[in-house]
Amino acid sequence: MLRGNSVRILTGNSHPELAHAVAERLNVPLTPCKVKKFSNGEIGVTISESVRDEDVFIIQSGCSDVNDNLMELLILISACKGSSARRITAVIPCFPYARMDKKDKSRAPITAKLVANMLAVAGCDHVITMDLHASQIQGFFDFPVDNLYSEPLMIAYIKRHIEDWKNGIIVSPDAGGAKRVTAIADKLGVEFALIHRERTGNSAKSPEKMEVLVGDVRGKVAILVDDMIDSGVTLILAARSLKENGAEKVYALISHGLLSETNMNAIQELPIEELVVTNTIPQEQHSVGCAKLVTIDVSPTIAESIRRTHNGESISLLFGDWTGQGVGF
């Protein structure tokens, strides 16, 4: 139940299906607004109802056409700020530019920090996001950021839909995901493994292979867990490596299925049972011709986080004693 001042839920063009699902769960109609692009590429926004002194939540994900979607979000925030909204929360299921979170080489930009600054200047008061690529991104903001976790949903999926999961092993495709897989493995009471990518030659253009460094996958159900899939190269190499090392079956559970450069036909031919992603990114176009793609709905988690934010309740209770909080998702 929502208390106090009424809630307004707005959305741009990035993921209207998710916004409708969240609004339906909250029993709150989406506030009508028109977001269009002019012939010269500029974006225009018209909000059809008053948001004065309202608690506004703008649902906009950083998916395809990420720059247009980010600009839509900034303009919507600015429009609400100029219309005297009481509080403006940007609900960003997949945070844009999250992979550019540090200066890893000379003259490299920290673009995630730039996005945080842009949101603040536009007038945002609060951000709700999911499975940030790196937890330090929360420190880029001078206002509250709630980072939701999809791992409880993944654990529930594993228990309900993967047969013989008790004979499973949770696998990270890189060393950076060690904390993530160990937390999930501890929750499930199973073992974990790490995979390391290395080049087969000395040249930077040399082909890569995957080598299991820690853990024995032979005869087990290998469950790959990662926060993001874009090109699909890591998944392809990891799946083949696991099968070569004797895994009985291979599943892949990924938080954000960007899949912008992924050949879905190649995924269909991979030695995996399923590629499970969340709907923080629209998946309709990717599922065509790929029967192995399965989508987990995150709208209940987002809707409950909005309800708790509006009512001034704790969001951490959504995840119970989840030990993955604070690790670099």
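Per-chain numbering applies: the sequence of each chain, read as written, is numbered from 1 onward. Totals for whole chains, interfaces and linings use every residue, but because this is a predicted model, local features are given only for residues with pLDDT of at least 70 and side-chain atom pairs only at 80 or more, for both listing and counting. Only hydrogens and water are set aside when side-chain values are computed; all heavy atoms of the structure are taken into account.

For the rest of this paragraph, the subject is the sheet that holds strand β1 (residues 7-11). Consider a sheet: its strands pair through backbone hydrogen bonds, and that pairing is either parallel or antiparallel. The five strands are arranged β1-β4-β5-β6-β7 in an open sheet whose pairing can be described as parallel. At either end of the open sheet lies a strand with only one pairing partner, and these are β1 and β7 (145-148). Across the sheet, the mean angle separating the axes of adjacent strands is 20 degrees when strand polarity is ignored. Residues are treated as being in contact if the distance between any of their heavy atoms lies within 4.5 Å. For every element, the axis is a line fit to its C-alpha atoms; helices are fit only across the contacting stretch, and the angle between N-to-C directions ranges from 0 to 180 degrees. Counting from the N terminus, the helices are the DSSP runs of H or I reaching at least four residues and the strands are the DSSP runs of E reaching at least two. Strand contacts of helix α1 (residues 16-26): β1 and β4 (55-59), with the helix running at about 165 degrees to β1, the strand carrying the most contacts. Strands qualify as paired when DSSP identifies two bridges or more between them.

What follows deals with the pattern of salt bridges. Counted as salt bridges are all cases of a side-chain nitrogen of Lys or Arg within 4 Å of a carboxyl oxygen of Asp or Glu. Throughout the structure, instances matching the rule amount to 14 salt bridges. Of the charged contacts, one joins Asp-55 and Arg-87 as a salt bridge, the two residues approaching to 2.7 Å between their closest N and O atoms. Here Asp-55, found in strand β4, pairs with Arg-87, found in strand β5 (residues 87-92); they are 32 residues apart in sequence, far enough to count as distant. A salt bridge links Arg-307 to Glu-304, with the shortest nitrogen-to-oxygen separation between them at 2.8 Å. Of this pair, Arg-307 and Glu-304 both sit in helix α9 (residues 299-311), three residues apart, which is roughly one turn of the helix.

The next point concerns the confidence of the model for the protein. Per-residue confidence from the predictor is reported as pLDDT, which spans 0 to 100. For the protein, per-residue confidence averages 89 on the pLDDT scale, and residues scoring 70 or more make up 91% of the total. Per-element averaging of pLDDT across the protein places strand β10 (residues 208-214) at the bottom with 66 and β5 at the top with 98. Predicted confidence is poor over residues 321-329, with pLDDT under 50, and the contacts of this stretch with residues over four places away or in other chains come to 33 contacts.

Here a cavity is any set of points on a 1 Å grid over the protein atoms alone where a 1.4 Å probe fits but cannot get out, and a pocket is any open set with protein on both sides within 12 Å along at least 5 of 7 lines; a residue lines the site when it has an atom within 4 Å of a point. Grid points are joined across faces, edges and corners, and a volume is the space filled by probe spheres set on the points. Per the stated rule, a full pass over the model turns up one cavity of 30 Å³ or more. As for the largest cavity, its lining consists of Cys-94, Phe-95, Ala-98, Met-130, Asp-131, Leu-132, His-133, Met-228 and His-256.

Next up on the list: the nonpolar core. Here the nonpolar core consists of buried residues drawn from Ala, Val, Leu, Ile, Met, Phe, Trp, Tyr and Cys, with membership extended through side-chain atoms lying within 4.5 Å. Burial here depends on accessible area, computed with a 1.4 Å probe over protein chains only, as a share of the maximum for the residue type. Under 20% is buried, over 50% is exposed, and the range in between is partly exposed. Residues Ile-58, Ile-77, Phe-95, Leu-119, Val-127 and Phe-141 are the most contacted members of the largest nonpolar core, which totals 31 residues. Of all elements in the fold, only β4, α2 (66-82), β5 and α3 (111-122) reach the threshold of two or more residues within this core. In contact with Phe-95, not counting residues within four places along its chain, are Ala-112, Val-115, Leu-119, Thr-129, Leu-132, Ile-137 and Phe-141. In terms of nonpolar packing, the next biggest core, distinct from the first, is built from 26 residues, Ala-193, Val-217, Leu-235 and Ala-238 among them.

Moving on, we come to the UniProt feature "domain: Ribose-phosphate pyrophosphokinase N-terminal" (unreviewed entry) in the protein. In the UniProt entry, the feature "domain: Ribose-phosphate pyrophosphokinase N-terminal" (unreviewed entry) is given for residues 8-123. From the first C-alpha to the last, residues 8-123 spans 16 Å; its make-up is 34% helix and 22% strand. UniProt positions are given in the numbering used here, feature names are shortened, and annotations may be inferred rather than shown by experiment.

The next point concerns the pairing of strand β6 (residues 126-130). Among the five residues of β6, five are classified as buried, and the element is accordingly described as predominantly covered. Every second residue of β6 is oriented toward a common face, with His-126, Ile-128 and Met-130 on one face and Val-127 and Thr-129 on the other, all of them buried. The sheet contact formed by β5 and β6 spans four bridges and is parallel. Paired with Val-91 across the strands is Ile-128, a residue of β6. For β6 and β7, the ladder comprises four bridges, and the chain directions are parallel. For Thr-129, the partnering residue across the bridge sits in β7 and is Asn-147.

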